[in-house]
Amino acid sequence: MRKFNLKWAATVMLCGAFLCSSCIGSFGLHHRLIEWNEGVGSKFVNELVFVAMYIVPVYEVSYIADILVINSIEFWSGSNPMASVGDVKKVKGENGNYFVETLENGYSITKEGESTSMELLYDSELNTWNVVAGGVSAELLQMNGDGTAQMMLPDGEGLTVTLDAQGVAAARRAAMTDTYYYAAN
């Protein structure tokens with residue numbers, strides 16, 4: 001039962017990642033600059049730094065660098081050059097807090113207060129996302145070259161979805177249908 005729940009949770013998280021992303025890029029440089037500005041001092045100091053960086057065109061240059069260079073690299077290579085391996089972020093979930101660490105080829109997720117973790121790993125050779133927990137690896141998603149992806153459902157069946165809003169909706173319906181089925185048993 002735990003294997004199904006873990007696989008389902010990883011599937012839902014991966015579908016959510018696709019829902020919240022697009023091919024325009026993550027604008028990592030611009031977001032880092034904004035995060036740095038927010039941590040400079042009080043809200044008044046932050047505003048002064050913001051205005052100064054707008055006048056000097058630091059924000060504009062970072063945004064253009066993201067558009068023309070960094071997001072293009074991210075789109076064509078599949079990896080963001082601004083991603084920091086080893087960064088850990090705390091995420092609040094329904095069942096508590098989780099720590100998400102950026103790995104070179106994916107993410108490691110650990111629930112606060114627990115020592116076991118789950119990893120979401122991307123295999124660039126096979127073009128797949130896999131979940132690894134307790135030393136057991138399971139394929140979650142394989143990206144096809146034709147604009148579709150093969151999603152593995154918790155019951156072991158595969159579902160081919162398009163990489164657009166309709167495909168994400170279909171993946172969510174399939175994942176939620178299986179969730180209700182498993183919860184009822």
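What counts as what
- Residues numbered from 1 in each chain as written.
- Predicted model: local features only at pLDDT ≥ 70, side-chain atom pairs only at ≥ 80, totals over all residues.
- Heavy atoms only, no water.
- Helix = DSSP H or I, 4+ residues; strand = E, 2+ residues; numbered from the N terminus.
- Buried < 20%, exposed > 50% of the residue type's maximum accessible area, 1.4 Å probe, protein only.
- Contact = heavy atoms within 4.5 Å.
- Areas by Shrake-Rupley, 256 points an atom, 1.4 Å probe, with all protein chains shown as cover.
- Phe/Tyr/Trp six-rings, centres within 6.5 Å; stacked < 30°, edge-to-face > 60°.
- Pairing = 2+ DSSP bridges.
- Axes fitted to C-alpha atoms, helices over the stretch in contact; angles between N-to-C directions.
- Parallel < 35°, antiparallel > 145°, perpendicular 65-115°, else oblique.
- Nonpolar A, V, L, I, M, F, W, Y, C, P; charged D, E, K, R; others polar.
- pLDDT = per-residue confidence, 0-100.
- Core = buried A, V, L, I, M, F, W, Y, C linked by side-chain atoms within 4.5 Å.

Draft legend 1. Broad picture of the overall build of the protein chain. Looking only at helices and strands, the protein chain has five helices and eight strands in total. Sequence-ordered secondary structure for the protein chain, helices as α and strands as β, is α-α-α-α-β-β-β-β-β-β-β-β-α. Expressed as a percentage of the 185 residues in the protein chain, the buried residues total 29%. Contacts in the protein chain between residues at least 24 apart in sequence constitute 31% of all its contacts with a sequence separation of at least 6. Just so you have it, the protein chain exposes about 12,000 Å², and 60% of that area is on carbon and sulfur atoms.

Draft legend 2. How the structure looks around the packing of aromatic side chains. For the coordinates displayed, the defined rule picks out two aromatic pairs. Ring centres 5.4 Å apart and planes at 50° place the aromatic pair Y122 and W129 in the tilted group. A network of ring pairs unites the aromatic residues Y107, Y122 and W129 as a single cluster.

Draft legend 3. How the structure looks around the sheet that holds strand β3 (residues 106-111). Ordered by their spatial adjacency, eight strands build an open sheet running β1-β2-β3-β4-β5-β6-β7-β8, and the pairing between neighbours is antiparallel. The open sheet has two edge strands with one neighbour each: β1 (88-93) and β8 (158-162). Across the sheet, the axes of successive neighbouring strands diverge by a mean angle of 25°, strand direction being ignored. In the sheet, strand β4 (residues 117-123) pairs with strand β5 (residues 128-133) via six bridges, with the strands oriented antiparallel. Residue D123 lies in a different strand from β5, and its bridge partner there is T128.

Draft legend 4. Up close: the packing of helix α2 (residues 28-38) against helix α3 (residues 43-55). The geometry of α2 relative to α3 is characterised by a closest axis approach of 9 Å and an angle of 140° between their N-to-C directions. It follows that α2 is oblique to α3 by the angle criterion. Here α2 contributes L33, W36, N37 and E38 to the contact with α3, which in turn contributes N46, V49, F50 and M53. Grouping the constituent residues of the contact of α2 with α3 by class yields five nonpolar, two polar and one charged.

Draft legend 5. Representation of the confidence of the model for the protein chain within the structure. Predicted confidence across the protein chain gives a mean pLDDT of 74, with 77% of residues reaching 70 or more. Mean pLDDT in the protein chain bottoms out at helix α1 (residues 2-19), which sits at 56, and peaks at β8, which reaches 86.

Draft legend 6. Spatial organisation of the nonpolar core. Counting residues in hydrophobic clusters, the biggest one holds 16 residues, and the most contacted among them are I109, L120, V131, L140, L141, A149 and M151. Elements represented by at least two residues in this core include exactly β4, β5, β6 (136-143), β7 (148-152) and α5 (165-184).

Draft legend 7. Spotlight on unusual backbone geometry. For N127, which is not a glycine, the phi torsion comes out positive at approximately 60°. With respect to the helices and strands, N127 occurs in the loop between β4 and β5. Using a relative accessible area of 25% as the deciding quantity, one classes N127 as partly exposed.

Draft legend 8. Main features of the pairing of β3. Bridge count between strand β2 (residues 96-103) and β3: six bridges; the pairing is antiparallel. Bridged to T102 within β3 is Y107. Of the pairings in the sheet, the one linking β3 to β4 comprises five bridges and is antiparallel in character. By the bridge assignment for β4, S108 is matched with E119.

Draft legend 9. Examining the pairing of β7 more closely. The element β7 is extensively covered by neighbouring structure, given that four of its five residues are classed as buried. Of the pairings in the sheet, the one linking β6 to β7 comprises three bridges and is antiparallel in character. Bridging across to β7, L141 finds its partner in M151. Once β6 ends, the chain turns through four residues before running back antiparallel as β7, passing G147 with a positive phi of about 85°. Taken together, β7 and the strand that follows it, β8, pair antiparallel across an intervening segment of five residues, in which G156 is found at a positive phi of about 95°.

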